[in-house]
Amino acid sequence: MSGYFSVSQVASHTSENDCWVIIHEKVYDVSNFLNDHPGGKKIILKNAGTDATKQFDAFHNPGVLEKYGALCIGSVGEPPKAGGEEETAAVSVEDDEFQFGDMIPYGDPSWYQQWGSPYYNDSHRRIRRYVRKFVDTDIMPFAHEWDEAKQVPMMLFKKCAEMGILAAVAGNGVLPTEYFNLEDTTLFRGGDNAIVPPQDFDAFHGFIIFDELSRCGSGGVLWGILGGLGIGLPPIIKYGSEELKRRIVPEVLAGRKTICLAITEPQAGSDVANLTAVANEMGDGFVVNGEKKWITNGTFADYFTTAVRTGGDGMGGVSLLVIERGMPGVSTRQMKCSGVWSSGTAYINFEDVKVPRANIVGKENRGFKYIMNNFNHERMGIVIQANRLARVCLEEAIKYGSKRKTFGVKLVNHPVLRNKLAHMARQIEATHAWTENVIYQTITMPEELQPIKLGGPIALLKAQATQTLEYCAREASQIFGGLAYTRGGQGEKVERIYREVRAYAIPGGSEEIMLDLGMRQSIKVATSMYGAKL
Ligand code: HEM
């Protein structure tokens, strides 16, 4: 973008070879774009030389302007005087962290909209701005493209590593500082003056990272970048030998290698104790045979943190082994799923794969416990993402409903549609408050008690979050009508999220199993730990 133009200057560019329009006070030269315009050239020509903001807003996502930024040749009006009003105004808005975001009702958590909260401090406010900028500039404009291409660019891993995001989400609220250089990341560089001083990092920072990233409105992109690392690396960090950790963790945190968690099989999903992939002892290692299915990032991951049977039947015979892509006998293929397209969901075959004993995670036949502990972490990740995706549906529906009219009335002014928005908002807010409460427990409760005391509530919370997501995706789709039935365009996010609902409601424990486990576990804890007489 360069110059400044008056309205009358713009008005003289109205022909097919020389066509300008004003949109939101910016001037666009669309002469070379007319023939490529998905809405056709005539409709733009009809508005040539004029302020077409109203017409533009009726048909497009605001993100379109960012994507086609190259067409912008300047602004309407006079250039600002040096140190003038424009600059000062921008700074004062940015500094007001008590209020952050677009102020769409319930479009962000309440502490973004002038509500007090006991959970957050300045470093939490800084990290939300840090991640939001990244999402707005480096992810959101490309989410549709990547999803259609069914992959995220590999350079994103490097970018997330440099930002400090990979390290921040790998340790489940604890920074794995021994395995990456704090000064190599823009998030933790500078000690006490860092965006987040490393010693202050807590589970709420991790929460904000996932919540803000989920604003991209694509579970596929989110899982493409963090789905494998978020669940495949923590068991190694927590239970792996020092040698295994030194060999694998730094490579993954630097974005040079990728990792995934391979547990689910064609015939064993939530029923982990009955998995059948087998690792037979041979020499100083194992020979692995079996299949894994629906493995996030499995199409490209370098490491597979894999659940295998090393002992007898049931939960006592399961171990975790790190299998490497380069080992002969490993093959993966992309699965065709209804959603999360860019996350690299794979079917994996292990055929006579020789794995050294050094690659076992923790102790032999203790894998079931490690997997169950990891599940709580995985489920909280799903909760945070699902609830923000639900929020995205609500935000998109309110924005669209505030401009689209039927029978001369804006959609948000039809009581029947406002009722849908209200039901969306109350569920999202309740889920968010419960999530904050549980995250607070992960900081304050003794670590050894967490798997026992929090397992039940986290299972119920997962069901709460995914049912909220399902409700919001459905209702937002109804509000968007046909636009949520077509891929891309104004209903892009809602259409995609609707296809992704099952990817949240099933993995990590289906809703049915979560609800049953949640209550069973809570009754057990109530009677054995709190003294309830039941
Ligand atoms: C800088 C100028 C413009 C750009 C970069 C642009 C870009 C696009 C893009 C990418 C789409 C595909 C749908 C989407 O992604 O949202 C689209 C559709 C469309 N555009 Fe534009 N557009 C511009 C200006 C205009 C103007 C001034 C009008 C005038 C009314 C207009 C009317 C439409 C219509 C009617 C559609 C089809 C919407 C649909 O499929 O429902 N566009 N435009």
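Quick caveat: nothing in here was measured; it's all calculated off a predicted structure.

Across its full length, the protein holds 18 helices and 15 strands. At 25 Å, the protein has a C-alpha radius of gyration in line with the 24 Å of a compact globule built from 534 residues. Considering only C-alpha atoms, the protein reaches an extent of 80 × 55 × 50 Å along its principal axes. In the protein, which comprises 534 residues, the proportion classed as buried is 52%. Counted over contacts in the protein with a minimum sequence separation of 6, partners at least 24 positions apart contribute 74%. Surface exposure of the protein reaches about 24400 Å², of which carbon and sulfur atoms provide 54%. Between the averaged position of the 57 positive side-chain charges in the protein and that of its 62 negative side-chain charges there is a distance of 5 Å.

Along the polypeptide, Ser-343 turns up in the loop between β11 (330-334) and β12 (346-356). For Ser-343, a relative accessible area of 0% corresponds to the buried category. On a C-alpha basis, the gap between Ser-343 and Val-278 in space is 26 Å, while along the polypeptide they are 65 residues apart. A polar contact of 2.8 Å, which involves the side chain of Ser-343, links it to the backbone oxygen of Val-340. In terms of polar contacts, Ser-343 uses its side chain to reach the side chain of Thr-345, at 3.3 Å.

On any regular strand, side chains alternate: one points to one face of the sheet, the next to the other face. Extensive coverage of strand β9 (residues 303-309) is indicated by the burial of seven of its seven residues. Alternating positions in β9 separate into two faces, Tyr-303, Thr-305, Ala-307 and Arg-309 on one and Phe-304, Thr-306 and Val-308 on the other, with burial throughout. Where β9 meets strand β10 (residues 318-324), seven bridges bridge the pair, whose relative direction is antiparallel. By the bridge assignment, Thr-306 is partnered in β10 with Leu-321.

What follows concerns the packing of aromatic side chains. The full count for this structure, using the stated rule, is 18 aromatic pairs. Consider the rings of Tyr-119 and Tyr-440, whose centres lie 5.7 Å apart with planes at 50 degrees: the pair is tilted. Residue Tyr-119 is found in the loop between α5 (85-95) and α6 (122-139), and its partner Tyr-440 is found in helix α15 (residues 415-444); the two are separated by 321 residues along the sequence. For Tyr-119, a relative accessible area of 21% corresponds to the partly exposed category. According to the relative accessible area criterion, Tyr-440 is partly exposed, its value standing at 38%. Linked through ring pairs, Phe-100, Trp-111, Tyr-112, Tyr-119, Tyr-120, Phe-204, Phe-207 and Tyr-440 together constitute an aromatic cluster. Lying across the ring of Tyr-112, Arg-128 places its NZ or CZ 4.5 Å from the centre. When the ring centre of Trp-341 is taken as reference, the NZ or CZ atom of Arg-499 above it lies at 4.3 Å.

The subject of this paragraph is the coordination of the iron atom of the ligand. Within the protein, the iron atom of the ligand binds to His-37 (NE2) and His-60 (NE2); these donor distances fall in the range 1.9 to 2.0 Å. Here the iron atom of the ligand binds six donor atoms, and the angle range of 84 to 178 degrees at the metal identifies the geometry as octahedral. One end of the pair, His-37, is in the loop between β4 (26-29) and α2 (41-46); the other, His-60, is in the loop between α3 (53-59) and α4 (63-67), with 23 residues separating them in the sequence. Taking relative accessible area as the criterion, His-37 reaches 14% and is therefore assigned buried. For His-60, a relative accessible area of 18% corresponds to the buried category.

Attention now moves to the site of the ligand. Neighbouring residues of the ligand: 18 residues in total, closest Phe-33, His-37, Pro-38, Gln-55 and His-60. Here a nitrogen atom of the ligand sits 2.7 Å away from a polar atom, N or O, in the side chain of His-37. Within the contact set of the ligand, a nitrogen atom lies 2.7 Å away from a side-chain nitrogen or oxygen of His-60. Listed by contribution, the elements that provide at least two residues to the shell around the ligand are α2 and α3.

To continue, consider the nonpolar core. If you look at the biggest cluster of nonpolar residues, it comprises 114 residues, and the most contacted ones within it are Leu-213, Leu-233, Ile-236 and Ile-248. Excluding its chain neighbours within four sequence positions, the residues that come into contact with Leu-213 are Val-131, Phe-134, Val-135, Ile-139, Ile-165, Leu-222 and Leu-226. Listed in part, the 20 residues of the second largest apolar core include Val-308, Ile-323, Met-327 and Ile-360.

Conventions adopted
- Residues numbered from 1 in each chain as written.
- Predicted model: local features only at pLDDT ≥ 70, side-chain atom pairs only at ≥ 80, totals over all residues.
- Heavy atoms only, no water.
- Helix = DSSP H or I, 4+ residues; strand = E, 2+ residues; numbered from the N terminus.
- Rg over C-alpha atoms; globule rule 2.2 N^0.38 Å.
- Buried < 20%, exposed > 50% of the residue type's maximum accessible area, 1.4 Å probe, protein only.
- Contact = heavy atoms within 4.5 Å.
- Areas by Shrake-Rupley, 256 points an atom, 1.4 Å probe, with all protein chains shown as cover.
- Lys, Arg positive; Asp, Glu negative; His and termini not counted.
- Charge placed at Lys NZ, Arg CZ, Asp CG, Glu CD.
- Polar contact = N/O pair within 3.5 Å; in protein donor to acceptor, adjacent residues only side chain to side chain.
- Pairing = 2+ DSSP bridges.
- Phe/Tyr/Trp six-rings, centres within 6.5 Å; stacked < 30°, edge-to-face > 60°.
- Lys NZ or Arg CZ within 6 Å of the ring centre and 35° of its normal.
- Donors = N, O, S within 2.8 Å, 3.2 Å for Na, K, Ca; no water.
- Tetrahedral: all angles 85-135°; square planar, octahedral: opposite > 155°, others 65-115°.
- Near = heavy atom within 4 Å.
- Core = buried A, V, L, I, M, F, W, Y, C linked by side-chain atoms within 4.5 Å.

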